[in-house]
Amino acid sequence: MKDLIKADKNYILNTYARFPVEIVSGKGAVCVDNNGKKYIDMGSGIGVNAFGYADEVWQKAVSEQAGKLQHTSNLYYTEPQVVLAKKLCEKTGMDKVFFANSGAESNECAIKVARKYAELNKGAKYYNIITLKNSFHGRTLTTLSATGQDVFHKHFNPLTGGFLYATANDIKSVEKLIKKNKCAGIMLEMVQGEGGVNPLSIEFVKGVKALCEKHNLVLIIDEVQTGNGRCGTLYSYMQFGIEPDVITTAKGLGGGLPIGACIVNKRVSEVLTYGMHGSTFGGNPVACAGAITVIDRLNEKFLEKVKEKSALIFETLSKKDGIESITGLGLMIGIKTVKPAKEVVLKCIENGVLCLTAKDKVRLLPPLNIDMKSLKSALKVIENACK
Ligand SMILES: *Cc1c(COP(=O)(O)O)cnc(C)c1O
């Protein structure tokens with residue numbers, strides 16, 4: 001299409017600040033724009049293309065499924081959905097799965113589970129959900145409310161009520177909210193992604209778990225960004241020595257197709273019953289077929305490599321000119337740069353590397369299977385852009 005950028009501005013709601021790049025195709029960690037210029041993609045569509053562009057295993061499974069059965073609705077049984085749910089349960093020790101189409105929707109399901117569980121066990125007044133300041137849980141009116149950042153709340157009041165915000169790594173702030181309010185659950189990201197790639201401390205997470213047990217609260221771990229191998233384990237909570245009641249995930253799960261999951265343990269798996277929740281597209285067979293190829297490959301050996309690549313990024317970028325600090329876990333990395341993050345990202349684009357930002361940081365979420373050569377070249381470009 002001629003004048004695509006102009007037409008985009010004319011016809012697409014102006015809710016995104018897009019970078020000036022039109023991507024037309026990709027293979028592995030590399031994508032190509034409309035002028036034939038190549039970029040190493042260190043953002044993988046915000047952590048969605050877990051195995052890069054046009055991954056052959058994924059592509060085969062998805063196209064075969066699309067040619068066989070693309071959709072049925074949830075009025076009927078379909079195999080890909082059940083196979084994927086069984087794998088997710090077996091690999092996490094959880095009990096059951098609800099499939100949605102996005103991170104926000106997966107969180108909506110988790111919030112409903114927590115509220116109904118509290119109603120059944122403690123009474124309808126116990127509806128409050130504690131989340132953290134600086135968190136991000138989605139864009140629907142309820143998940144916006146769960147998001148502990150005022151900037152997202154402005155203009156859209158009244159939001160869904162019943163959300164309280166504690167301070168990350170301050171267990172007293174959580175305890176205080178529980179004592180003063182009637183609570184149903186606590187929802188946390190192990191690494192605050194949109195909030196600037198800040199991991200929680202293990203001590204804090206264990207403290208939250210203990211409070212959940214003491215006060216019969218549902219512990220929801222939002223693994224939308226951190227999950228599916230991104231942090232070096234299948235789910236990031238696995239590195240924090242706790243077991244959640246509910247895991248929500250999306251982004252990388254489908255390897256590029258929209259799918260979300262709300263995975264629940266035995267304690268809460270019978271809470272939602274017939275007619276209480278649903279989704280027309282949820283558990284779509286094509287998205288599930290893609291997700292199966294992602295989950296199947298996230299074994300110990302593969303995850304070790306994710307950790308090795310993570311270590312390489314930390315080593316390469318530590319103590320370099322123009323870089324103040326590096327935070328993150330696995331292949332979810334935040335770089336505090338001396339220059340404004342946006343300026344660094346634009347410089348990287350010029351030199352053929354795509355990066356993301358998170359708050360005032362440059363954020364990296366490369367494909368999990370990025371080859372060492374591409375990774376090293378991208379790091380060189382990033383290093384130079386920070387100077
Ligand atoms: C991206 C994100 C969401 C929202 O996911 P959508 O698919 O955009 O609805 C929720 N929680 C976290 C932690 C995220 O990173």
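Residues numbered from 1 in each chain as written. Predicted model: local features only at pLDDT ≥ 70, side-chain atom pairs only at ≥ 80, totals over all residues. Heavy atoms only, no water.

### Structural notes on the domain arrangement of the protein chain
You can read the domains of the protein chain as domain 1 (2-54 + 300-386) and domain 2 (69-297). Here domain 1 and domain 2 have C-alpha centroids that lie 26 Å from each other. Between domain 1 and domain 2, the contact holds 27 residues from the first and 27 residues from the second. At the boundary of domain 1 with domain 2, the tally comes to one salt bridge. The partner of Glu194 in a salt bridge is Arg363, and the shortest N-O contact between them spans 2.9 Å. At the junction of domain 1 and domain 2, the tally comes to 10 residue pairs in polar contact (both at pLDDT 80 or more). Of all the secondary-structure elements, those providing two or more residues to the side of domain 1 that touches domain 2 are helix H2 (44-47), helix H11 (300-317), strand S13 (323-329), strand S14 (332-337) and strand S17 (361-364). (Domains from an automatic or database assignment. Contact = heavy atoms within 4.5 Å. Salt bridge = Lys/Arg side-chain N within 4 Å of Asp/Glu carboxyl O. Polar contact = N/O pair within 3.5 Å; in protein donor to acceptor, adjacent residues only side chain to side chain. Helix = DSSP H or I, 4+ residues; strand = E, 2+ residues; numbered from the N terminus.)

### Examining the site of the ligand
Close to the ligand lie Ser102, Gly103, Ala104, Asn107, Phe136, His137, Gly138, Glu189, Asp222, Val224, Gln225 and Lys251. At a separation of 3.3 Å, a nitrogen atom of the ligand approaches a polar backbone atom of Phe136. Residue Lys251 places a side-chain N or O atom 2.7 Å away from an oxygen atom belonging to the ligand. If the ligand stood free it would expose 380 Å²; the protein chains cover 81% of that surface. Top contributing element to the shell around the ligand by residue count: helix H5 (residues 103-121), with three residues. The class makeup of the residues in the shell around the ligand is three nonpolar, six polar and three charged. (Near = heavy atom within 4 Å. Areas by Shrake-Rupley, 256 points an atom, 1.4 Å probe, with all protein chains shown as cover. Nonpolar A, V, L, I, M, F, W, Y, C, P; charged D, E, K, R; others polar.)

### Section: the pattern of salt bridges
Under the defined criterion, the tally for this structure stands at 19 salt bridges. Between Glu383 and Lys380 there is a salt bridge, with its nearest N and O atoms 3.9 Å apart. In this pair, Glu383 and Lys380 are both assigned in helix H13 (residues 372-386), three residues apart and thus about one turn of the helix distant. Assessed through its relative accessible area of 9%, Glu383 is described here as buried. (Buried < 20%, exposed > 50% of the residue type's maximum accessible area, 1.4 Å probe, protein only.)

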